[in-house]
Structures are given as C-alpha cells and as structure tokens.
Amino acid sequence: MPWLALPFGDERKQKLASLFNIEGIPALIIIGENRKVITKEARGVIEKDSEGKDFPWYPKPLNELTNATGSLINEETCLVYLTDGKEKSMRQAQEALHDQAEALFKETDQHLYFFYGGEDDICDSLRDYCKLGTSNTALFIIDANDGKIFVHSATDTDVINKDVVAEFVSSWQQGKVEPRNL
C-alpha cells in the first residue's frame, strides 16, 4: 500500500475514527498538506478513477450520484435531482444544476452538495428511503443528519431547469420550503 495505514488493533484507530467521524472500515481519507480533509470518499473514487487521473480527488461542485459518490448524502446536506436515467434527462439534470452548483461551490461556507442520478442502485434506494413514490423524476434537498427532506413539487425533467433550481435553493436557504421527516 503506497500510503500510511494503521495496523490491525492499533490504539490510535479509535482517536482517528472519532476525529474523522468514521463509522465503518475500510475507510480512506485524503488529507492535504494543510491538514484539511480533501475527501472522505477516497475509497469510492479510487474505484471510479483507478488510474488516479483526478488525484487527490478534490470535491467537485456537481457529481453523478453513484455508489462511489453517494456516501456524502449520509454526512452532508445535498440537493439531488433524480431522473429516469436516460441520456437526455441526465444531460438536462446536469444543465439545470450546473450554474447553481458552481455558484455555491465558490462560497467558502458551502453547505449544499449537488448530485444528479438515474438508474444506479443507490438512486432507487434513495427514492425508497425518501418515500418519493414511483415518479422517475424528483428534485429535493436531503439532510440525513437532521432526518429531513425538502421536496420540490415538479416531477418532469422538461419543467425542472436552471431557474427552477435557483428558486428552489433560494427558498430553501430562506427557510420557505417545508421539510418532511425521513
């Protein structure tokens, strides 16, 4: 292994697990020179980027929701746009989310991560977990830590565009979107 690892049973494991909020193993976290966490998702992104082209895997403003990227949903507040998984609707989702994701990403205190997804198993699991029903399309903000979800009423990819996303995020930030319990 080309990186530092703790031997099995090492007493420092518990301190690090607490420091980085690790609940399961194996876990791989990338830390920068300034000792700030670059990603807690390194284990998943290595599977997706086995050649390390994007190393050290800094966060991106907009990500496709897959098993490799999805664990962030359990840890942070995330805006998710689920589609039917067809190429056209996935492209529409990216276009609808892009500007808002980029704008918030530039803010140093960003507390909202953006995902789009379609047919990956994690998308189906998330639909079930959030009780979103049978619609292929859903736009929502999920805060799993607080057990809340904020769902937009639109269920059609032709209706959800940049303006709808911007208004939804703005309303959420102002506390105008009613949450429901997960």
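Structure: above.
Residues numbered from 1 in each chain as written. Predicted model: local features only at pLDDT ≥ 70, side-chain atom pairs only at ≥ 80, totals over all residues. Heavy atoms only, no water.

**Some points on the overall build of the chain**
So, point 1. Helices and strands together make up the secondary structure of the chain, namely 5 helices and 8 strands.
So, point 2. Seen in sequence order, the chain has helices and strands lined up from the N terminus as α-β-β-α-β-β-α-β-α-β-β-α-β.
So, point 3. With the C-alpha coordinates of the chain rotated into their principal frame, the extents come out at 50 × 35 × 30 Å.
So, point 4. The buried share of the chain, reckoned over its 182 residues, is 40%.
So, point 5. As displayed, the chain has an accessible area near 11600 Å², and 48% of this comes from carbon and sulfur atoms.
So, point 6. A gap of 3 Å separates the mean positions of the 20 positive and 31 negative side-chain charges of the chain. (Helix = DSSP H or I, 4+ residues; strand = E, 2+ residues; numbered from the N terminus. Buried < 20%, exposed > 50% of the residue type's maximum accessible area, 1.4 Å probe, protein only. Areas by Shrake-Rupley, 256 points an atom, 1.4 Å probe, with all protein chains shown as cover. Lys, Arg positive; Asp, Glu negative; His and termini not counted. Charge placed at Lys NZ, Arg CZ, Asp CG, Glu CD.)

**Some words on the pattern of salt bridges**
So, point 1. Counted under the stated rule, the structure contains 6 salt bridges.
So, point 2. A salt bridge links Glu 87 to Arg 91; the nearest nitrogen and oxygen atoms lie 3.7 Å apart. Within this pair, Glu 87 and its partner Arg 91 are both found in helix H3 (residues 87-106), separated by 4 residues, close to a single helical turn.
So, point 3. You can call Glu 87 exposed: its relative accessible area is 66%. (Salt bridge = Lys/Arg side-chain N within 4 Å of Asp/Glu carboxyl O.)

**Details of the sheet that holds strand E5 (residues 113-117)**
So, point 1. As summarised here, the arrangement of the 6 strands in space is E3-E5-E4-E6-E7-E8, forming an open sheet in which the pairing is mixed. Looking at which strands have only one partner, the edges of the open sheet turn out to be strand E3 (62-64) and strand E8 (180-181).
So, point 2. On the sheet, H3 packs against E3, strand E4 (78-82), E5 and strand E6 (138-143) and is oriented at approximately 175° with respect to E5. (Pairing = 2+ DSSP bridges. Contact = heavy atoms within 4.5 Å. Axes fitted to C-alpha atoms, helices over the stretch in contact; angles between N-to-C directions.)

**Considering helix H4 (residues 121-129)**
So, point 1. Buried residues of H4: Ile 122, Cys 123, Leu 126 and Arg 127, and no others. Projected down its long axis, H4 carries its buried residues within an arc of 145°, all on one side. Counted as exposed and oriented over 90 degrees from the buried face of H4: Asp 121 and Asp 128.
So, point 2. On its buried side, H4 packs onto E4, E5 and E6.
So, point 3. Positive phi shows up at Lys 131, right after H4, with a value of about 55°. (Arc of directions from axis to C-beta.)

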